[in-house]
Amino acid sequence: MLKNTSLQYGNHTCINYSKKHQGPRGSSVLGRFHGIISREQADELLGGAEGAYILRESQRQPGCYTLALRFGNQTLNYRLFYDGKHFVGEKRFESIHDLVTDGLITLYIETKASEYISKMTTNPIYEHIGYATLLREKVSRRLSRSKHESRKTSVTSEEHPAVEKISSLVRRAALTQNDNHCNYEKTHNFKVHTFRGPHWCEYCANFMWGLIAQGVRCSDCGLNVHKQCSKHVPNDCQPDLKRIKKVYCCDLTTLVKAHNTQRPMVVDMCIREIEGRGLKSEGLYRVSGFTEHIEDVKMAFDRDGEKADISAHIYPDINIITGALKLYFRDLPIPVITYDTYAKFIDAAKISNPDERLEAVHEVLMLLPPAHYETLRYLMIHLKKVTMNEKENFMNAENLGIVFGPTLMRPPEESTLATLNDMRYQKLIVQILIENEDVLF
């Protein structure tokens, strides 16, 4: 979008540039490079013709180029940059002609319809369009399924009553929070997009103008809206499986919503395989499998999804499956224990009183996004089973904490010193989660 601020354009050959341009009133003028001239000289050359433009080199900053554009009975000056294409903010153009054309469209609409544009987001039709209708149907099915899963979990819990290590009040709060964790909320992943042909915003139903980068599209669900409207769209993204290119390195919430599951299928499938044939394997999770084979498992999940074959027939070494599971957690763009909660978990681990520390850990757990919480809960139940076979596999909660601490939680800012200082607390948090999974989750 053109505004009366600096635009970006790098050192490239403008000499002999010449292009005819039709102004908004049909005037045909020449836009060409005019060397080092002043603003006043540029204004005089343009001669008051609406839509006329020229390129000039700045007198004050040699080597910097400026677009002088005539619009609204005044000459507007913009700093230009170049990186293979001419660009204005997020928009990149093949030629100055296209940049000017798009800019004139934007300037004209913003001038003539600024009041209307400012009110576009106040009366949205979002709730009445096809996307929202489809969304409600998906959410309804998911909630129905989640309630069924919740009832199953309650029955299981009654069969194995937990030893009360925290107050009943906190316990009831935890159960209430768990019920709310079924409805996974996800923000849209909007990216600037160029639409081919006329397009309308799916939030406000108004036309998206301009030659390129007219609006934004959610790369996870395909929702198309104005950039200014994207700030008002609810956090109700329902990812389309066709748009999810891979399983590893994919945002955890995006993946589970795309597959309509409570947890990533990688976690479910790997844990099922490990518990089926590897719980008594010596050094489980500590012993590494062959890197090449682990990468094969990763590619199988990325290529085939839940149809990937990770059975003993294909991968007889269980350490390959444990390696693939650990790699999945390491590759997450946002760790299972999120960046937002990292510092709070570390602070909780530093509390010396065991009961207070346990309550502090529980409070921070409730801050995790639902998909992260459910994934962590399921993993801790599994790791507890691993410790129950300690006589055979020699892996207790402390050993697993050493393995999974840096795998499940990473500091927001990459700092070797901070990571080293936090390692013992990372280990302690995972150890606490394993030893107290029946109470904390």
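What you are looking at is a predicted structure, and each value in this text was computed from that prediction instead of being measured.

Rules used throughout
- Residues numbered from 1 in each chain as written.
- Predicted model: local features only at pLDDT ≥ 70, side-chain atom pairs only at ≥ 80, totals over all residues.
- Heavy atoms only, no water.
- Patch = residues over 30% accessible without salt bridge, like charges linked within 9 Å, V, L, I, M, F, W, Y side chains within 5 Å.
- Areas by Shrake-Rupley, 256 points an atom, 1.4 Å probe, with all protein chains shown as cover.
- Salt bridge = Lys/Arg side-chain N within 4 Å of Asp/Glu carboxyl O.
- Lys, Arg positive; Asp, Glu negative; His and termini not counted.
- Charge placed at Lys NZ, Arg CZ, Asp CG, Glu CD.
- Helix = DSSP H or I, 4+ residues; strand = E, 2+ residues; numbered from the N terminus.
- Buried < 20%, exposed > 50% of the residue type's maximum accessible area, 1.4 Å probe, protein only.
- Pairing = 2+ DSSP bridges.
- Axes fitted to C-alpha atoms, helices over the stretch in contact; angles between N-to-C directions.
- Contact = heavy atoms within 4.5 Å.
- Expected span 1.5 Å × (residues − 1).
- Arc of directions from axis to C-beta.
- Left-handed = near helix turned anticlockwise from the far one by under 90°.
- Nonpolar A, V, L, I, M, F, W, Y, C, P; charged D, E, K, R; others polar.
- Phe/Tyr/Trp six-rings, centres within 6.5 Å; stacked < 30°, edge-to-face > 60°.
- Lys NZ or Arg CZ within 6 Å of the ring centre and 35° of its normal.

*Asks:* How do you make sense of a negative patch on the surface when you look at a structure like this?
*Replies:* Together, D355, E356, E359 and E363 line one region of the surface with negative charge. The residue E363 is located in helix α11 (residues 354-365) in this model. The class of E363 is exposed, set by a relative accessible area of 52%.

*Asks:* Where do I start with the pairing of strand β5 (residues 74-82) in this structure?
*Replies:* The side chains of a regular strand alternate between both faces of the sheet. Across seven bridges, the pairing between strand β4 (residues 65-71) and β5 is antiparallel. From the neighbouring strand, A68 faces β5, where its bridge partner is N77. Counted along the chain from β4 to the antiparallel partner β5, the turn is two residues long, and its residue G72 has a positive phi close to 65°.

*Asks:* Looking at this structure, I do not really get the packing of helix α9 (residues 318-331) against helix α14 (residues 397-408). What am I missing?
*Replies:* Helix packing for two helices is described by the angle between their axes and how far apart those axes are. In the contact formed by α9 and α14, the axes pass within 8 Å of each other and the chain directions differ by 35°. Two secondary-structure elements touch here, α9 through K326, F329 and R330 and α14 through V403, F404, T407 and L408.

*Asks:* Hey, could you run me through the pattern of salt bridges in this one?
*Replies:* Pairs can form between side chains of opposite charge whenever their charged atoms are close. Overall, the coordinates contain 14 salt bridges when judged by the stated rule. Between R92 and D83 there is a salt bridge; the shortest N-O distance is 3.0 Å. Under the relative-accessibility criterion, D83 is labelled partly exposed at 45%. Three or more residues joined by partner-sharing salt bridges are found here, namely R263, D268, E374 and R377.

*Asks:* So what exactly am I meant to see when it comes to helix α8 (residues 291-304) here?
*Replies:* For an α-helix, the turn length of 3.6 residues means that residues three or four places apart are oriented alike. Helix length check: α8, at 14 residues, gives a terminal C-alpha distance of 20 Å against a target of 20 Å (1.5 Å per residue), a fit within 8%. The complete set of buried residues in α8 reads I294, V297, K298, A300 and F301. An end-on view of α8 places all buried positions within 155° of arc, on one side of the element. Exposed side of α8, more than 90 degrees from the buried face: T291, E292 and R303 are the residues found there. Buried-residue contacts for α8 involve α7 (265-277) and α9. Trailing α8 by a residue or two, G305 shows a phi angle of about 60°, which is positive.

*Asks:* Whenever I open this one, unusual backbone geometry confuses me. Can you help?
*Replies:* For residues other than glycine, phi is negative in most cases, and the peptide bonds are mostly trans. Phi at N73 takes a positive value of approximately 65°, unusual for a residue other than glycine. Looking at the element boundaries, N73 is found in the loop between β4 and β5. Non-glycine residue A213 carries a positive phi angle of around 45°. Mapped onto the fold, A213 is located in the loop between β8 (190-193) and β9 (215-218). The class of A213 is buried, set by a relative accessible area of 14%.

*Asks:* Any chance you could explain the packing of α8 against α9 here in plain terms?
*Replies:* Two elements in contact, α8 and α9, have axes whose closest approach is 9 Å; the angle formed by their N-to-C orientations is 65°. Both α8 and α9 take part in a crossing whose hand is right-handed. Contact with α8, carried on its side by H293, I294, E295, V297 and K298, involves I320, G323, A324, L327 and D331 of α9 and no other residues of that element. When its residues are assigned to classes, the contact of α8 with α9 shows five nonpolar, two polar and three charged.

*Asks:* Just checking my understanding: could you explain the packing of aromatic side chains for this structure?
*Replies:* Given two aromatic rings, their pairing is described by the distance between the two centres and the angle made by the two planes. On inspection of all chains with the given rule, the structure shows six aromatic pairs. Ring centres 5.6 Å apart and planes at 65° place the aromatic pair W200 and F207 in the edge-to-face group. W200 sits in the partly exposed class, given a relative accessible area of 47%. For F207, a relative accessible area of 39% puts it in the partly exposed group. Seen from their ring centres, Y248 and F301 are 6.4 Å apart, and the 40° between their planes marks the pair as tilted. Of this pair, Y248 sits in the loop between β10 (224-225) and α6 (252-259) while F301 sits in helix α8; the two residues are 53 residues apart in sequence, bridging distant segments of the chain. In this pair, the class of Y248 matches that of F301, namely buried. What links up through ring pairs into an aromatic cluster is the set Y248, F301, Y328 and F329. Cation over ring: R263 sits above Y378, and NZ or CZ is 3.8 Å from the ring centre. A cation over a ring is seen here: K350 above Y425, with NZ or CZ 5.3 Å from the ring centre.

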